[in-house]
Amino acid sequence: VAEVNQACETWKAVRDELARIEAAGAERDRFELLLYQVSELSAAHIDAAEIKTIEVDFKLLANAAANLEHCAAVGHALNGDGAGILSALQTASSRGGELAGVDSRSATLLDLLEQSTVTIEEAVHELDRLEGSIAIDPERLQRLDERLAELHKLARKHHIEIEELPKLFERLERDLAALENQSAAETELHERLHTARLAYIESAALLSERRATTASGMQKDITLRLRDLGIPHAEFTVSLQITSDAVPLPHGLDRIEFVLS
């Protein structure tokens, strides 16, 4: 009886733990959705560094032709055909130098003209560098356009901006991992519950056998004692029935009745 009771307590403990995890895991129905979302984002190769630069690169390529026109216009204004700002400043500096040679009061003016000339020359060099970095690449522009469309489509599905996709991906991966761990724990507990039930049934079946043996002797003994008391037709029996309850009980599988006629 003690062994059956202990086996029942073990089964209850596992059952209660499983119930607790299942109750805490009410969101397990999200598993399939999370699995799909993580797979979709993983296939899209979400990369934070790429997202930071892709819109800038796309904007530069999309406006490359216009930017080159702007550079050409600035270049013409600065140094176009000898009639730009640089040429005018160089001429002004040259004449200012002649003026400073005869009038010392113009020294400050000459310094300012020379500084302005150096600044414009640096601007011309910077413009050349910038213009050289601008490339017209229709194929890459198309690839970037398609990539941006893919990212924006994913972001719209989740009602976020594309910059938020990497954090969303990380969060969904964590949620999925948590549910996977919970699923593994539930599977283990189901196995333990099955094992605990088998152990209970084994102990309870042995107890039922012992009870049947004891009941047989008990029936004869009490019936004889009743007849000794002057009740010659008395009959005492022990009814043992195996219960069909799915839930293990501390006293075993038997439903016991004492019947007296």
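Calculation criteria
- Residues numbered from 1 in each chain as written.
- Predicted model: local features only at pLDDT ≥ 70, side-chain atom pairs only at ≥ 80, totals over all residues.
- Heavy atoms only, no water.
- Helix = DSSP H or I, 4+ residues; strand = E, 2+ residues; numbered from the N terminus.
- Buried < 20%, exposed > 50% of the residue type's maximum accessible area, 1.4 Å probe, protein only.
- Contact = heavy atoms within 4.5 Å.
- Areas by Shrake-Rupley, 256 points an atom, 1.4 Å probe, with all protein chains shown as cover.
- Axes fitted to C-alpha atoms, helices over the stretch in contact; angles between N-to-C directions.
- Parallel < 35°, antiparallel > 145°, perpendicular 65-115°, else oblique.
- Left-handed = near helix turned anticlockwise from the far one by under 90°.
- Core = buried A, V, L, I, M, F, W, Y, C linked by side-chain atoms within 4.5 Å.

Asks: When you look at the overall build of the protein chain in this model, what are you seeing that I'm missing?
Replies: Counting secondary structure elements, the protein chain contains 8 helices and 2 strands. Counting helices and strands in the order they occur from the N terminus, the protein chain gives α-α-α-α-α-α-α-α-β-β. Every one of the 261 residues in the protein chain was classed for burial, and the buried ones make up 27%. Contacts spanning at least 24 positions in sequence make up 71% of the contacts within the protein chain whose residues lie at least 6 apart. In the structure as shown, the protein chain presents an accessible area of about 17,300 Å², 56% of it carried by carbon and sulfur atoms.

Asks: Would you explain the packing of helix α2 (residues 31–43) against helix α8 (residues 165–228) in this entry?
Replies: How two helices sit against one another is set out by the angle between their axes and by the gap between those axes. It is at 9 Å that the axes of α2 and α8 come closest, and there the two elements cross at 140 degrees. With respect to their mutual orientation, α2 and α8 come out oblique. At the point where α2 passes α8, the crossing takes the left-handed sense. The residues of α8 that touch α2, namely those facing F31, L34, L35, Q37, V38, L41 and S42, are L165, L168, F169, L172, E173, D175, L176, L179 and E180.

Asks: I'm lost on the nonpolar core in this one. Help?
Replies: A general tendency of soluble globular proteins is for nonpolar side chains to be buried together. In terms of nonpolar packing, the biggest core is built from 19 residues, with L41, I46, L151, I162 and L165 touching the most fellow members. Looking at this core, the elements with two or more residues in it are α2, α3 (48–62), α7 (138–157) and α8. No other element matches the 6 residues that α8 contributes to this core. L151 has contacts with I46, I51, I54, I162 and L165, leaving out every residue within four places of it along the chain.

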